[in-house]
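For reference, the chains in residue letters:
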Amino acid sequence: MNPGPCILVTRPQPQADEWVARLQALGQPARALPLMRIERASSFQAEVARAWSELARHRLVMFVSPNAVLAFFAVRPAGGRWPETTLAGATGPGTVAALRSQGVESARIVAPPPDAPTFDAEALWHHALAGRDWAGQSVLVVRGEDGRDWLADTLGRAGAAVACLAAYRRAAPVWSGPWAEVLAAVATEPARHCWLFSSSQCLAHLFAPEAPTADAAVRIGVLAVPVLATHPRIAETARRLGFGCVVPVAPDPATVVQAVGRRE
């Protein structure tokens, strides 16, 4: 029986391995191929520790991703608890799950509903934040060293005092070891693989000048691999880079497996 194409999960660790396990539990071949590293500098940790000491003064602490949650809670002081008056904002189900795993009660978490068409800052605002009074409220946005400012700007226009906290930085893979062999094998048999992208930055890393795709033959083969993109912006980036088959899909393992099945 043909097991179907192998899904290449490009999320950073530990999310990549978690997604591979969930996909394999559904009978879907998958392997981790992280195209992003998460780095936590000591300077970030000092700022995060300071933020923990002032946590209760914020009406909302918004986390842009599961990695933002992990980086923030890695510096939690002994006995530190989430304040009852502070909301924890999440852009999607992965971030919600990360918050719950750290002991944040569901009643404190605000996020788009599980059936939302997209999971991003815009969805969080429209589904969970737009109807609240933000005048004079303090908001902290926990994110990477670089990030979109849409939600911070929107909350600011609504009257909130917004600060952004860099808890980590995103970095490209270290292009050494088996990377060249792995991508060459993927490029040789594109029909036996399927990319799963949850970040436009991972796409940029894949085609960086120092990446193995600098080899023309590898690049052509990699671009022939179908793409599943978990957000319209990611799908648009993939098409712009030259991928011929790009399918938008919700960031849910069962939905991803169904999308692969429809392609076969």
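Not measured: the values here are computed from a predicted model.

Quick word on the sheet that holds strand S3 (residues 37-39)
Thinking step 1. The strand order across the open sheet built from six strands is S3-S8-S7-S4-S5-S6, with neighbouring strands paired in mixed fashion. Among the strands making up the open sheet, the edge pair consists of S3 and strand S6 (109-110).
Thinking step 2. Strands S3, strand S4 (60-63), strand S7 (138-144) and strand S8 (161-171) of the sheet are contacted by helix H3 (residues 66-73), whose axis makes an angle of about 100 degrees with S8.

Quick look at the nonpolar core
Thinking step 1. Trp 195, Phe 197, Leu 206 and Phe 243 are the most contacted members of the largest nonpolar core, which has 29 residues in total.
Thinking step 2. Of the residues forming this core, the biggest block, five residues, is contributed by helix H7 (residues 179-188).
Thinking step 3. If near-sequence neighbours (up to four positions away) are discounted, Leu 206 is found in contact with Leu 35, Trp 175, Leu 183, Trp 195, Phe 197, Ala 211, Thr 213, Val 222 and Phe 243.
Thinking step 4. Judged by nonpolar contacts, the second largest core, of 24 residues, contains Leu 55, Phe 73, Ala 98 and Ile 109.

Observations regarding empty space enclosed by the protein
Thinking step 1. Evaluation of the coordinates by the stated rule reveals one cavity of 30 Å³ or more.
Thinking step 2. The computed volume of the largest cavity comes to approximately 40 Å³.
Thinking step 3. Contributing to the lining of the largest cavity are Arg 40, Phe 44, Gln 45, Val 48, Ala 71, Ala 74, Val 75 and Ala 167.
Thinking step 4. Classifying every residue of the lining of the largest cavity by side-chain character gives six nonpolar, one polar and one charged.

Considerations on the packing of aromatic side chains
Geometrically, a pair of aromatic rings is defined through the distance of the ring centres and the angle of the planes.
Thinking step 1. Tallied over the entire structure, the rule returns twelve aromatic pairs.
Thinking step 2. A ring pair is formed by Phe 63 and Phe 72, whose centres lie 5.4 Å apart and whose planes are at 75 degrees; its orientation type is edge-to-face.
Thinking step 3. Their ring planes at 35 degrees and their centres at 6.2 Å tell us that Phe 63 and Phe 73 sit as a pair that is tilted. Of this pair, Phe 63 sits in strand S4 while Phe 73 sits in helix H3, and the two are ten residues apart along the sequence. Each member of the pair Phe 63 and Phe 73 is classed as buried.
Thinking step 4. Through a chain of ring-to-ring contacts, the aromatic side chains of Trp 52, Phe 63, Phe 72, Phe 73 and Trp 82 assemble into a single cluster.
Thinking step 5. Directly above the ring of Trp 19 sits Arg 22, whose terminal nitrogen or CZ lies 5.8 Å from the centroid.

Regarding unusual backbone geometry
Thinking step 1. Gln 13 connects to Pro 14 through a cis peptide bond whose omega is 10 degrees.
Thinking step 2. You can see Pro 14 is positioned in the loop between strand S1 (6-9) and helix H1 (15-25).

Observations concerning helix H2 (residues 42-53)
Thinking step 1. With twelve residues, H2 should reach 16 Å at 1.5 Å per residue; the first-to-last C-alpha distance of 17 Å fits that figure.
Thinking step 2. Along H2, the positions that sit buried rather than exposed are Phe 44, Val 48, Ala 51 and Trp 52. Down the axis of H2, the sector holding all buried residues measures 100 degrees, keeping them to one side. Exposed and oriented more than 90 degrees from the buried face of H2 are Ser 42 and Ser 53.
Thinking step 3. Of the surrounding secondary structure, the elements contacted by the buried residues of H2 are S3, H3, S7 and S8.

Examining the state of the cysteines
Thinking step 1. Considering all chains together, one arrives at zero disulfides under this definition.
Thinking step 2. The thiol of Cys 6 is not disulfide-bonded; the next cysteine sulfur, from Cys 194, is found 9.5 Å away.

Structural notes on the sheet that holds S1
Thinking step 1. A sheet is described by the order of its strands in space; here five strands give the open sequence S2-S1-S9-S10-S11, paired in parallel fashion. Each having just a single partner strand, strand S2 (30-32) and strand S11 (246-248) make up the two edges of the open sheet. For this sheet, the mean angle separating the axes of adjacent strands, direction not counted, is 25 degrees.
Thinking step 2. Sheet analysis places S1 next to S2, joined by three bridges and oriented parallel. Its bridge partner lying in S2, Leu 8 is registered against Arg 31.
Thinking step 3. Helix-sheet contacts for H7 involve S1, S2 and strand S9 (193-197), and the interaxial angle to S9 is about 120 degrees.
Thinking step 4. Against the sheet, helix H10 (residues 232-241) contacts S9, strand S10 (227-229) and S11, and its axis sits at roughly 175 degrees relative to S11.

Calculation notes
Residues numbered from 1 in each chain as written. Predicted model: local features only at pLDDT ≥ 70, side-chain atom pairs only at ≥ 80, totals over all residues. Heavy atoms only, no water. Pairing = 2+ DSSP bridges. Helix = DSSP H or I, 4+ residues; strand = E, 2+ residues; numbered from the N terminus. Contact = heavy atoms within 4.5 Å. Axes fitted to C-alpha atoms, helices over the stretch in contact; angles between N-to-C directions. Core = buried A, V, L, I, M, F, W, Y, C linked by side-chain atoms within 4.5 Å. Buried < 20%, exposed > 50% of the residue type's maximum accessible area, 1.4 Å probe, protein only. 1 Å grid on protein atoms, 1.4 Å probe; cavity = no way out; pocket = protein on both sides within 12 Å on 5 of 7 lines; lining within 4 Å. Points joined across faces, edges and corners; volume = space filled by probe spheres on them. Nonpolar A, V, L, I, M, F, W, Y, C, P; charged D, E, K, R; others polar. Phe/Tyr/Trp six-rings, centres within 6.5 Å; stacked < 30°, edge-to-face > 60°. Lys NZ or Arg CZ within 6 Å of the ring centre and 35° of its normal. Expected span 1.5 Å × (residues − 1). Arc of directions from axis to C-beta. Disulfide = S-S within 2.5 Å.

Note that every value here comes from positions in space, so none of it alone points to a role or purpose.
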